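Architecture and fold: a report
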Amino acid sequence: MREQDLRRRIGELTHDLENADAADQTLRGSDAPLSAGTTRETLVRAQEAYADFLLEARERAPRHAALVSPEIAAWQSIARRLPPQTAFIEYLASDSATLVLS
């Protein structure tokens, strides 16, 4: 329940921040930067609380934590397991571009 609440709060704050940034671009009022700054600070605190929650969960229930937040394998360990003559392709996607690394 706490995890869902934290995730929902992070989602709401992210949405609010995106809307505040859009409003700031159109309405350069004095209230917009203050509101966006406050929202950013609250979002950072919520993200830190979620990270703390995940660490606590990993310590208390490692099997459940592995399902919720699995360990991410380094590309080097995956590449070492590939047979010869096999290409390893990595994608880096953002809002504005996608890069392909091989």
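All values reported here derive from a predicted model rather than from experimental measurement. (Residues numbered from 1 in each chain as written. Predicted model: local features only at pLDDT ≥ 70, side-chain atom pairs only at ≥ 80, totals over all residues. Heavy atoms only, no water.)

A word on the overall build of the protein chain. Scanning the protein chain from terminus to terminus reveals 4 helices and 2 strands. Put simply, the protein chain runs from its N terminus to its C terminus through helices and strands in the order α-α-α-α-β-β. Relative to its full complement of 102 residues, the protein chain shows a buried share of 18%. For the protein chain, restricting intrachain contacts to residue pairs at least 6 apart in sequence, the fraction spanning at least 24 positions comes to 41%. As presented, the protein chain carries roughly 8,400 Å² of accessible surface, and 56% of it is formed by carbon and sulfur atoms. (Helix = DSSP H or I, 4+ residues; strand = E, 2+ residues; numbered from the N terminus. Buried < 20%, exposed > 50% of the residue type's maximum accessible area, 1.4 Å probe, protein only. Contact = heavy atoms within 4.5 Å. Areas by Shrake-Rupley, 256 points an atom, 1.4 Å probe, with all protein chains shown as cover.)

For the structure shown, the criterion picks out 1 aromatic pair. Both rings, one in W75 and one in F88, keep their centres 6.1 Å apart while their planes meet at 35°; by these two values the pair is tilted. Here the residue W75 occupies a position in helix α4 (residues 75-81), and F88 occupies one in the loop between α4 and β1 (90-93), the gap between them amounting to 13 residues. (Phe/Tyr/Trp six-rings, centres within 6.5 Å; stacked < 30°, edge-to-face > 60°.)

With that out of the way, let us pick up the nonpolar core. Judged by nonpolar contacts, L6, I10, L13, L17, A20, A36, L43, A46, Y50, F53, L54 and A57 together constitute the single largest core of 12 residues. Counting residues per element, the ones that place at least two in this core are α1 (2-26) and α2 (31-60). Contacts of L17, omitting those with residues within four sequence positions, involve A36, T39, R40 and L43. (Core = buried A, V, L, I, M, F, W, Y, C linked by side-chain atoms within 4.5 Å.)

With 4 bridges joining them, β1 and strand β2 (residues 98-101) adopt antiparallel strand pairing. Within β2, the residue paired with L92 across the bridge is L99. Here β1 hands over to β2 after 4 residues, the two strands then running antiparallel side by side. (Pairing = 2+ DSSP bridges.)

What follows deals with the environment of I78. In this fold, I78 is placed in helix α4. In the structure, I78 is positioned 10 residues away from F88 in sequence and 8.6 Å away in space, judged by C-alpha atoms. Non-local contacts of I78, meaning those with residues more than four positions away in its chain, are made with A73 and F88.

Moving on: a nonpolar patch on the surface. Side chains of I89, Y91 and V100 sit close together on the surface and give an oily, nonpolar patch of about 330 Å² of accessible area. Here Y91 shows up in strand β1. (Patch = residues over 30% accessible without salt bridge, like charges linked within 9 Å, V, L, I, M, F, W, Y side chains within 5 Å. Salt bridge = Lys/Arg side-chain N within 4 Å of Asp/Glu carboxyl O.)

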